[in-house]
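# Remarks on the overall topology
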Amino acid sequence: MSVMDIFETMDYGPAPEGASPALAWLKEHQPFNLFINNQWVQPASGQYLDSVNPANGKVLTQVASANSADVDAAVAAASAAFEKWGKTPGHVRARYLYALARQIQKHSRLLAVLEALDNGKSIRETRDIDIPLVARHFYYHAGWAQLMASELPGYQPLGVVGQIIPWNFPLLMLAWKIAPAIAMGNTVVLKPARYTPLTALKFAEIVQESGLPPGVINILTGEASQVGEALVRHPGIKKIAFTGSTDVGRSIRRATAGSGKKLSLELGGKSPFIVFDDADLDSVVEGVVDAIWFNQGQVCCAGSRLLVQENIADRLLSKLLIRMERLRVGDPLDKAIDIGAIVSSTQLQEIQRLVARGVEEGAQVWQPSWACPTDGYFFPPTLFTNVSPASTIAQVEIFGPVLVAMTFRTPAEAVELANNTRYGLAASVWSDNINLALDIAPKIKAGSVWVNCTNLFDASSGFGGYRESGFGREGGKEGLYEYVRHAWEAQLASPSGYTPTGRAANGASSSSFTDSLLAGIDDELDGLSAPETIELPAIDRTSKLFIAGKQARPDSGYSRTVYDPAGRAIGEVGDGNRKDLRNAVEAAHKASGWATGTTHNRAQILYYMAENLSVREDEFARRIVQQTGRSHVDAMSEVQTAISRLFSYAAWTDKFEGGVHRPPLRGVVLAMPEAIGVIGIACPDDYPLLGFISLVAPAIAMGNTIVVIPSQIAPLSATDSYQVFETSDLPAGVVNIVTGERDALSQVLAEHDDVDAMWYFGTAEGSKRVELASLVTGWILYRVRDKSFYALLPRSKISGFLMENSCNR
Ligand code: NDP
C-alpha cells in the first residue's frame, strides 16, 4: 500500500507491539511454580493449570495449582519473615519498596505486554495506565514506610496478610494490596486470579531481583476453591484483603466472622455517570468512552449507568452512536485499538446472557455495524436505551462493555436515580456549572465522585465503597490503617481476648477488651481512695426509652430491674424490643439533616452537652457509684473524663476535614470524611457513663445519627443522659436510646436494612452474630471493632472528588 493510498482511505493499519520477548520469557520459565520464601517451589498437588490468551484462545503457559498444604507452607514462611520484617526500620523497608518501583519501571515493557496477552486488555492501556500506576504505588508507599514512625505513632503491623485479587487489573491490584501491606511491616501471601497469574509471577522474579528478605512476599497461583478458601480460613492470617465480586466478598465475610481477622472488601459497582444539560457534550462522549469501554468495561467503578438530562438526551445519544461506530475492537497488542478481548469465555457468556435479558425486558439495544473478531472472546461496545430503572440491566453489574442510558429532569431526580442501586463505589458528574457539580457530588452515595472526568486513580487518593461495594479504603493515608493496629490492640491477639463482659461481686471489671478500649482512663483512676459507703435510695422511677427526642414507653410494656453489685434493686429501665428499635431507626433517619448542618453547630452542641453534664457531675457520679460500687472519687473521675471526651469530640467536629491530594494528573482530589448514616451502637458494660459518651460523641460529631443500646447491667447513666441531651439543643432523633438485652437488640439492629453500620462491644459470640447478620441484610456491615474510643470515624468513609475540566485523554 502506498502513502497515497493511505491518504485516500485513511484506514488504520495493524500496529502490533512485539510479543516475542514476553513469549520467550514464558517459554524459558514454564511451567511456573509457586513463589514461597523467595524460592520457586513445586505445588504439593503436582498439578498445573493452563493460562490462556483470551484474544485467541491459545494456551500461553502453565502455572502451578496450589492447595492448602502450599498455603500452610507460604503462611509459615510469611510468619517467620514477619518476626524480622515487622521490626525492620521504616527507612530500610522504604529502600526495598523503592527498589521494587525501580525494577517495575525497568521491566515495564515486558510487564505491559504480558498483561495484554494474559488479560486481553489493550497494550495502550497496560503501557500507559496499569504499569505506570503500579510503579507509582510502590514509590508512594516507599514514602509511607519512611514516615510510618513519625506519622503513625503507636501503630504496629498486623502480621501475615492474605490478599486475593481479581483478573481485571492483575498487576495494579497486586500493587494496591502489596505496597501498603509491606510498607507498614506486614508480610504477604497473595493469590492472583485464576485467569491472570502471569504478571504476578514476573513480579515475584522482581522481588527476588530486588533482594527482599525471603518470606516477605509469597505468591500462590491456583484455584479459588483450593487456595482462596484455604487462605481465608487459615488461622495464621491476621487480615484478608479482597477485591472481586460481591458474592465472594459475602462468603469471605461469613468465613471470617468471629475469627478476629481484619477484613477489607472492594467489591462490585453500578456507577452512575450523570450528565447535566450544560455539560460540554464532546468531552462527555470521550468521558463515556473512558467510563465504560476502558478495559472492556471490566472495571468495578465503570460508569455503567448513563443518566442524562432529558432535554439533551437525543443530542448526546446521537453523538455517542457516531463515536461507538468508530471504536475499534481487536488484537490487544495492536496499539491502535480501543477495546481488547473479554477475559474468558465464561465472562463473555455472562455478558451475552445479561444483554439478552435486557432485550427480553424491552430495552432498545445499539451496537456498531461492524463485527468483532471471532478468534477470541470479543464483545462490541453496546448501549441500551429505553431502560427502566428497576430492570436487570439497570441494577446488575454486567462487567462488560455495556452501557445503560436513562433520563432525568431535575437535579433532585438525578440524585435519586444515581442512588437507586445496592452499590456505592463511584460516580461521575458532568456539568460546566461548578455550583451544580459541587452541590450534586456530596449527595451521591459513593466512595469516589469524579467531576468532569472519570476512572482516575492514584496512590495518594483512597478508593473504596459504600453498601454492597464493600468497605475499607485502598490508597492514601486512610488505606494504611487497613494494615496496622494500635499498640493497645496487640493485647487482643485473639478473639478470646475479648471475653464475655461480666463483673465480679465487687463490681470490678473482668473484661480485658473494654479495659483496653478505655486505656488511658485507668491512669486517671489509679490510686484513688477505697469505695465509700453510699446510702442507696429506694427504687425511684422507671427510665423510659428515648426515641425521636421524647421519652417513650417500651412497646412490650415490660421493664427490667437494675441491680447494684450487692444484688439490690436500684432502678428499672424499659425492656426494648424489635418494634422500639424500628421506631428508633426511623427517627434516626428522619434526623439525617444533622449530617448536612454546619460542623460549627455540631461542635457547639457537643460543648453544650459537656457544660450541662458538668453542672450535674455529682449526680452522675452518684449514679455510677450506685451501679458499680466504685468509690465516689473514682466515679467523679469517670464523669470528668466523660466531660473531657465531649470537649475532645467537639473540638474535632470542625477539624477532621480530610485532605487535598495532588496526584500526578491534571486536577485535584478533595478527600472528605462523610457521615456513614444511621449507626447502631451496643455499649460495653464497664464504665457505664464513659463507655456510653465515648461512643455517642464521636459518632454524632461526624454527623451520624444513632441508636444506642446502653450497658445491659448498668444502663442508668445512659438513661439519665436524656436530660442532658434535651437541655443541649440536640435535635430530636440524633441520639435514640433503647435499653434491654444487649445481644438480642444488637442482632435486630444488625439485621435492619436501614442501619448503615454497627459498633458492637460485647462478647466474642455476640460479635460473630453481628458480623453474620450483615449477610442477611444484603449489605456488608462495617463494624468498627478495631477502632479505639479515641478513633473519630472509620477512616474508610473518605469520599474523593476529582475535578477536571475535561476528560483524561
Ligand atoms: P471472583 O470474585 O469470583 O474472583 C475474584 C478473586 O477471588 C479471584 O482471585 C478468585 O479466584 C477468588 N475467589 C473466588 N472465590 C473465592 C472464595 N470462595 N474464597 C476465596 N477466594 C475466592 O470474581 P470472578 O472472577 O468470578 O468474576 C465474577 C464477577 O465478579 C464479575 O462478572 C464481576 O461482576 C465481579 N468482579 C468484580 C471485580 C471488582 O474489581 N470489583 C473484579 C472481578 C470480578 P479464581 O480466579 O481462582 O476464581
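Residues numbered from 1 in each chain as written. Predicted model: local features only at pLDDT ≥ 70, side-chain atom pairs only at ≥ 80, totals over all residues. Heavy atoms only, no water.

### Comments concerning the overall build of the protein chain
- Across its full length, the protein chain holds 28 helices and 31 strands.
- Of all 809 residues assigned to the protein chain, the portion counted as buried reaches 61%.
- For the protein chain, the proportion of contacts with a sequence separation of at least 24, taken over those separated by at least 6, is 76%.
- Split by element, the accessible area of the protein chain, about 29300 Å² in all, is 52% carbon and sulfur. (Helix = DSSP H or I, 4+ residues; strand = E, 2+ residues; numbered from the N terminus. Buried < 20%, exposed > 50% of the residue type's maximum accessible area, 1.4 Å probe, protein only. Contact = heavy atoms within 4.5 Å. Areas by Shrake-Rupley, 256 points an atom, 1.4 Å probe, with all protein chains shown as cover.)

### Thoughts on the nonpolar core
- If you look at the biggest cluster of nonpolar residues, it comprises 112 residues, and the most contacted ones within it are Phe138, Ile182, Phe203, Val275 and Leu306.
- Sequence-distant contacts of Val275, that is, excluding residues within four places in its chain, are made with Leu281, Val284, Leu306, Leu307, Val308, Gln309, Ile312, Leu316, Phe408 and Trp430.
- Counting residues in hydrophobic clusters, the runner-up holds 49 residues, among them Ala591, Met636, Ala642 and Tyr722. (Core = buried A, V, L, I, M, F, W, Y, C linked by side-chain atoms within 4.5 Å.)

### Some details on helix 10 (residues 246–256)
- Listing the buried residues of helix 10 in full gives Thr246, Gly249, Arg250, Ile252, Arg253 and Thr256. Relative to the axis of helix 10, the buried residues are bounded by an arc of 160 degrees and lie together on one face. (Arc of directions from axis to C-beta.)

### What about the site of the ligand?
- Close contacts around the ligand come from 27 residues, with Ile165, Trp167, Arg194, Ser245 and Glu397 the closest.
- A distance of 2.7 Å separates an oxygen atom of the ligand from a polar atom in the side chain of Ser245.
- Within the contact set of the ligand, a nitrogen atom lies 2.9 Å away from a backbone nitrogen or oxygen of Leu267.
- If you list the elements that add at least two residues to the shell around the ligand, you get helix 9 (224–233), strand 9 (239–243) and helix 10.
- Among the elements that take part in the shell around the ligand, helix 9 stands out by supplying 3 residues, more than any other.
- A breakdown of the residues in the shell around the ligand according to their chemical character gives 12 nonpolar, 9 polar and 6 charged. (Near = heavy atom within 4 Å. Polar contact = N/O pair within 3.5 Å; in protein donor to acceptor, adjacent residues only side chain to side chain. Nonpolar A, V, L, I, M, F, W, Y, C, P; charged D, E, K, R; others polar.)

### Comments concerning the sheet that holds strand 24 (residues 569–574)
- Within the open sheet, the 3 strands sit side by side as 20-24-23. Their pairing is mixed. Looking at strand neighbours, the two that pair on one side only are strand 20 (542–543) and strand 23 (559–563), the edges of this open sheet.
- Where strand 20 meets strand 24, 2 bridges bridge the pair, whose relative direction is parallel. Within strand 24, the position partnered with Thr542 by the bridge is Glu572.
- In this fold helix 26 (residues 716–726) packs onto strand 20, strand 23 and strand 24, with an angle of close to 65 degrees to the strand it touches most, strand 24. (Pairing = 2+ DSSP bridges. Axes fitted to C-alpha atoms, helices over the stretch in contact; angles between N-to-C directions.)

### A short note on the side chain of Glu638
- You can see Glu638 is positioned in helix 24 (residues 632–653).
- At 2.5 Å, the side chain of Glu638 and the side chain of Arg630 are in polar contact.

### Observations concerning the packing of helix 4 (residues 90–106) against helix 7 (residues 170–183)
- Look at helix 4 against helix 7: their axes get within 9 Å of each other, and the N-to-C directions meet at 160 degrees. Comparing their axes, helix 7 and helix 4 come out roughly antiparallel. Residues Arg93, Leu97 and Leu100 of helix 4 touch helix 7, and the partners they reach there are Ala179, Ile182 and Ala183. (Parallel < 35°, antiparallel > 145°, perpendicular 65-115°, else oblique.)

### Points about the environment of Ala77
- On the secondary structure map, Ala77 appears in helix 3 (residues 68–85).
- Note on Ala77: relative accessible area 9%, which makes it buried.
- When near neighbours in sequence (up to four residues on either side) are disregarded, Ala77 contacts Ile36, Asn37, Gly215 and Asn218.

### A look at the packing of helix 5 (residues 108–119) against helix 8 (residues 198–210)
- Axis separation between helix 5 and helix 8 bottoms out at 8 Å; the angle between their running directions is 155 degrees. When the axes of helix 5 and helix 8 are compared, the pair comes out roughly antiparallel. Here Leu110, Leu111, Leu114, Glu115 and Asp118 of helix 5 come into contact with helix 8, specifically with Leu198, Thr199, Lys202 and Ile206.
- Split into classes, the residues belonging to the contact of helix 5 with helix 8 amount to 5 nonpolar, 1 polar and 3 charged.

### Focus on the packing of aromatic side chains
- One pass over the full model with this rule turns up 21 aromatic pairs.
- Between Trp167 and Phe399 the ring centres are 5.4 Å apart and the planes differ by 80 degrees, which places this aromatic pair in the edge-to-face class. Within this pair, whereas Trp167 is found in the loop between strand 6 (160–164) and helix 7, its partner Phe399 is found in the loop between helix 14 (392–395) and strand 15 (402–408), the two being separated by 232 residues in sequence. The same class applies to Trp167 and to Phe399, which are both buried.
- Relative to Phe761, the ring of Trp759 lies with its centre 6.4 Å away and its plane at 45 degrees, an arrangement referred to as tilted. (Phe/Tyr/Trp six-rings, centres within 6.5 Å; stacked < 30°, edge-to-face > 60°.)

### Quick word on helix 26
- Burial analysis of helix 26 places 9 of its 11 residues in the buried class, the great majority of the element.
- Where helix 26 is concerned, the buried positions are Leu716, Ser717, Ala718, Thr719, Asp720, Ser721, Tyr722, Val724 and Phe725.

### Description of a nonpolar patch on the surface
- A grouping of Val3, Phe7 and Met10 is seen on the molecular surface, where their side chains present a nonpolar patch of about 370 Å² in accessible area.
- Counting through the fold element by element, Met10 comes out in the loop between helix 1 (3–9) and helix 2 (20–29).
- Relative accessible area serves as the criterion here: at 59%, Met10 is assigned to the exposed category. (Patch = residues over 30% accessible without salt bridge, like charges linked within 9 Å, V, L, I, M, F, W, Y side chains within 5 Å. Salt bridge = Lys/Arg side-chain N within 4 Å of Asp/Glu carboxyl O.)

### Topic: the environment of Gly143
- Counting through the fold element by element, Gly143 comes out in helix 6 (residues 123–151).
- Gly143 sits in the partly exposed class, given a relative accessible area of 29%.
- For the pair formed by Gly143 and Ala183, sequence separation is 40 residues and the distance between their alpha carbons is 8.5 Å.

### Regarding unusual backbone geometry
- Here the bond from Gln30 into Pro31 is cis, since omega is -5 degrees, no more than 30 degrees from zero.
- Among the structural elements, Pro31 can be located in the loop between helix 2 and strand 1 (34–36).
- The phi dihedral of Tyr687 is positive, around 50 degrees, even though this residue is not glycine.
- Relative to the helices and strands, Tyr687 is located in the loop between strand 27 (678–682) and helix 25 (688–701).

### Things to note about the confidence of the model for the protein chain
- Averaged over all residues, the pLDDT of the protein chain equals 88, while 89% of them reach at least 70.
- Across residues 519–534 the pLDDT falls below 50, and counting only partners more than four positions away or on other chains, this stretch makes 29 contacts in the model. (pLDDT = per-residue confidence, 0-100.)

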